[in-house]
Amino acid sequence: MLKPVAIVGQIVLYGAFAVFIGYFATYPLYRQIPDDSALIKLSMSHLGGRECRKRTPEELEKMPPNMRAPLDCPRHRSDISLEVDLDGQPFFRSVMHPTGLSKDGVSTIYKRFEVKAGSYQLTVRMNDNLINPGFNHVKDEQITLKPAQVLVIDFNPDKGGLFFRQ
């Protein structure tokens, strides 16, 4: 049978432990970003284009009838070129490479940028088939970021390509 002194000792020790845990669960305050900053997150996964070429009639004639596909498309996918400008100045540049042993997988990027809260002109350009010069996806928009706000730059072909989500 437990003595009353042992019970009181356990209550005191468990109470001290609970206060210790409770204090460090709320203090010191942790902030992921400073109070006057916002985040821009660049997060996208996209399949690059294939570098297909059209077969000539002579090539098709030499092939068996069941193999006469008019396009010759290699398995590998194109790299994806990505540029981000903030207020007309280069902010981020990258070339995303396809994944997989045969370079036929998705190209993925995740970057996190801390910027001061305020108004910016944000331009994002992407070329998902480097055979074609220039950029086939462009998004240019005036954005206003509040302190502690997160802006996500993403790509979805079903939503029209590049888009910003606040």
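Residues numbered from 1 in each chain as written. Predicted model: local features only at pLDDT ≥ 70, side-chain atom pairs only at ≥ 80, totals over all residues. Heavy atoms only, no water.

Q: Break down a nonpolar patch on the surface for me, with residues and values.
A: On the surface, Phe17, Phe20, Ile21, Tyr23, Phe24, Tyr27 and Leu29 cluster together into a nonpolar patch covering about 810 Å² of accessible area. Topologically, Phe17 is positioned in helix α1 (residues 4-26). A residue is classified by how much of its surface remains accessible, and Phe17, at 52% relative accessible area, is exposed. (Patch = residues over 30% accessible without salt bridge, like charges linked within 9 Å, V, L, I, M, F, W, Y side chains within 5 Å. Areas by Shrake-Rupley, 256 points an atom, 1.4 Å probe, with all protein chains shown as cover. Salt bridge = Lys/Arg side-chain N within 4 Å of Asp/Glu carboxyl O. Helix = DSSP H or I, 4+ residues; strand = E, 2+ residues; numbered from the N terminus. Buried < 20%, exposed > 50% of the residue type's maximum accessible area, 1.4 Å probe, protein only.)

Q: Give me the packing of aromatic side chains: which residues, what numbers.
A: Taken as a whole and judged by the stated rule, the model has five aromatic pairs. One aromatic cluster in this structure is built from Phe20, Tyr23, Phe24 and Tyr27. Just above the ring of Phe135 sits the side chain of Arg125; from NZ or CZ to the centre is 5.7 Å. For Lys139, the ring lying beneath its charged end belongs to Phe164, and the centroid distance is 5.7 Å. (Phe/Tyr/Trp six-rings, centres within 6.5 Å; stacked < 30°, edge-to-face > 60°. Lys NZ or Arg CZ within 6 Å of the ring centre and 35° of its normal.)

Q: Which residues make up the sheet that holds strand β7 (residues 118-127), and what values go with them?
A: Pairing is antiparallel across the open sheet formed by four strands, whose spatial order is β5-β4-β7-β8. Each edge of the sheet is formed by a strand with only one pairing partner; in this case those strands are β5 (89-96) and β8 (137-145). In this sheet, adjacent strand axes meet at a mean angle of 15° when their direction is disregarded. Across six bridges, the pairing between strand β4 (residues 80-86) and β7 is antiparallel. Looking at the pairing, Val84 lines up with Val124 of β7. (Pairing = 2+ DSSP bridges. Axes fitted to C-alpha atoms, helices over the stretch in contact; angles between N-to-C directions.)

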